[in-house]
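Residue strings, one per chain:
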Amino acid sequence: HDVAIVFNVEHYGAVGDGNHDSTDAFEKTWNEACKTLSAVFLVPANKKFVVNNLVFYGPCQPHFSFKVDGIIAAYPDPVKWKNSKIWMHFARLTDFNLMGTGVIDGQGSKWWSDQCKTVNGRTVCNDKGRPTAIKIDFSKSVTVKELTLMNSPEFHLVFGECDGVKIQGIKIKAPKESPNTDGIDIFGSKRFEIEKCTIGTGDDCVAIGTGSSNITIKDLTCGPGHGMSIGSLGKGNSRSEVSFVHLDGAKFIDTQNGLRIKTWQGGSGLASHITYENVEMVNAENPILINQFYCTSAAACENQRSAVKIEDVTFKNIHGTSATAAAIQLMCSDSVPCSNIKLSNVVLKLSSGKVATCVNKNANGYYTNPLNPPCKSLHPG
């Protein structure tokens, strides 16, 4: 690489006192850095920069780094935000690094108040208007590392239509009660490597959506939150596909779910070649959960015969404690049953020390001992 050329936001008018609006200065810095080979967009350490909604679009010159060593903060008052569903939107970039030892703070607490209510036993949240903190779209060869993301109004870090992404050593945190504050969401993307990340939010630590494939996750620490999810898939009778997802090494601490695949009735498509291995559960609710009857509406969802097919799913070396009696739940469709579900060396007991159970509805497959709790209808092999 050529020698890096640093573009410090302070040199373009940004004021890191935690009060001044630095939005225009960030835009000017981006416009200059984007045109330069091996540029570094620098947010300096020991400073706090307040910015409104920003659009960071390419294409830019190669070897471009957005380096956050200080703090970037959103306005805490939703009224002051621009009318946008994304706070910082990156798009059409190649060979791009989002990195640094600093913090990106969405200051979302006022967005969360009075957002959720319980209707017919279901928690229903109003997401209207709440922005995603960071979204990266239509980009290739992207690295995200070391940063801390916190308190997004809604999702923290979202990828759409990306190819070749490495996420290393980042931290994402928001209160357990914050609604729909997913950590990392991936849609329509492929070839991801996520390694040594620590995520604790009010929703999924990692969620993998339709059109995604070849996703590898290593050494994930998750909690609080809703665990790791594939889906939801097939909403609104849509077709969805997810394939070749591999989680190797994870710890779920006091999460609402552990390893979850969720699909809506009425959808179509396929979720396949999914492997979870070397996972520790610590007082996790629903440690292993396949649910083809996912529903979040206030009224009960209508029964439908079509479903997203789930096949070739492996759970290997899964140990620890469950906060709920049914530590393993394989809830599959009558008309489109799950196939080739494999459990190997899975040992889960209740946090209370009592014996856990497995609920198997229309899941066909195999197990190798030890399997505790045992699952009926699975075959030894």
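Quick caveat: nothing in here was measured; it's all calculated off a predicted structure.

Caption draft 1: Layout of the pattern of salt bridges. Within this structure, the stated rule accounts for ten salt bridges. Among the salt bridges present, the one from Asp204 reaches Arg260, with a minimum N-O distance of 3.1 Å. Taken as a pair, Asp204 in the loop between β21 (198–200) and β22 (206–208) and Arg260 in strand β26 (residues 259–263) lie far apart in primary sequence, 56 residues in all. Here Asp204 falls in the buried class, since its relative accessible area comes to 2%.

Caption draft 2: Structural view of unusual backbone geometry. Note the cis peptide between Asn369 and Pro370, where omega equals -5°. Mapped onto the secondary structure, Pro370 falls in strand β33 (residues 363–372). Put simply, Asn372 and Pro373 share a cis peptide bond, and its omega is 10°. As for its placement among the helices and strands, Pro373 is situated in the loop between β33 and β34 (379–380). Unusually for a residue other than glycine, Ser141 sits at a positive phi of about 55°. The backbone of Asn214 sits at a positive phi, close to 55°, despite the residue not being glycine. Along the polypeptide, Asn214 turns up in strand β23 (residues 212–222).

Caption draft 3: Layout of the side chain of Asn52. With respect to the helices, strands and loops of the structure, Asn52 is situated in the loop between β4 (48–50) and β5 (54–57). The exposure class assigned to Asn52 is buried, which follows from its relative accessible area of 7%. Within polar-contact distance, the side chain of Asn52 engages the backbone oxygen of Lys80 at 2.8 Å. The residues contacting Asn52, other than those within four sequence positions of it, are Thr23, Tyr75, Lys80, Trp81, Lys82 and Trp87.

Caption draft 4: View of the UniProt feature "active site" (unreviewed entry) in the protein. Under the feature "active site" (unreviewed entry), the UniProt entry names His226. Secondary-structure assignment places His226 in the loop between β23 and β24 (228–233). Judged by its relative accessible area of 17%, His226 falls in the buried class. Of the polar contacts made by the side chain of His226, one reaches the backbone oxygen of Gly202; its length is 3.3 Å.

Caption draft 5: How the structure looks around the sheet that holds strand β32 (residues 357–361). The sheet built from eleven strands is open, its strands ordered β5-β8-β13-β16-β19-β22-β24-β26-β28-β30-β32 with parallel pairing. The sheet is open, and its two edges are formed by β5 and β32, each paired on a single side. For this sheet, the mean inter-axis angle between neighbouring strands, taken without regard to orientation, is 15°. Taken together, the four bridges between β24 and β26 define a ladder with parallel strand orientation. Within β26, the residue paired with Leu233 across the bridge is Thr263. The strands touched by helix α1 (residues 23–33) are β5 and β8 (86–91); relative to β5, the strand with the most contacts, the crossing angle is about 5°.

Caption draft 6: Here's a closer look at the pairing of strand β9 (residues 94–99). Summarising the sheet, strand β6 (residues 64–68) and β9 pair through four bridges and their orientation is parallel. In the sheet register, Lys67 faces β9, and the bridge partner there is Met99. Where β9 meets strand β14 (residues 140–145), five bridges bridge the pair, whose relative direction is parallel. Considered in β14, the bridge of Phe96 is made with Val142.

Caption draft 7: Inspection of the packing of aromatic side chains at higher detail. Within this structure, the stated rule accounts for 20 aromatic pairs. Ring centres of Trp30 and Phe41 lie 6.4 Å apart, and the angle between their planes is 55°; this geometry places the pair in the tilted category. Note that Trp30 is positioned in helix α1 and Phe41 in strand β3 (residues 39–43), a separation of eleven residues in sequence. For the pair Trp30 and Phe41, one class covers both residues: buried. Aromatic pair Trp264 and Tyr294: ring centres 5.4 Å apart, planes at 85°, arrangement edge-to-face. In this pair, Trp264 sits in the loop between β26 and β27 (268–284) while Tyr294 sits in the loop between β28 (288–291) and β29 (309–322), placing the two residues 30 residues apart along the sequence.

Rules behind the numbers
Residues numbered from 1 in each chain as written. Predicted model: local features only at pLDDT ≥ 70, side-chain atom pairs only at ≥ 80, totals over all residues. Heavy atoms only, no water. Salt bridge = Lys/Arg side-chain N within 4 Å of Asp/Glu carboxyl O. Helix = DSSP H or I, 4+ residues; strand = E, 2+ residues; numbered from the N terminus. Buried < 20%, exposed > 50% of the residue type's maximum accessible area, 1.4 Å probe, protein only. Polar contact = N/O pair within 3.5 Å; in protein donor to acceptor, adjacent residues only side chain to side chain. Contact = heavy atoms within 4.5 Å. UniProt positions renumbered as here; feature names shortened; annotations may be inferred. Pairing = 2+ DSSP bridges. Axes fitted to C-alpha atoms, helices over the stretch in contact; angles between N-to-C directions. Phe/Tyr/Trp six-rings, centres within 6.5 Å; stacked < 30°, edge-to-face > 60°.

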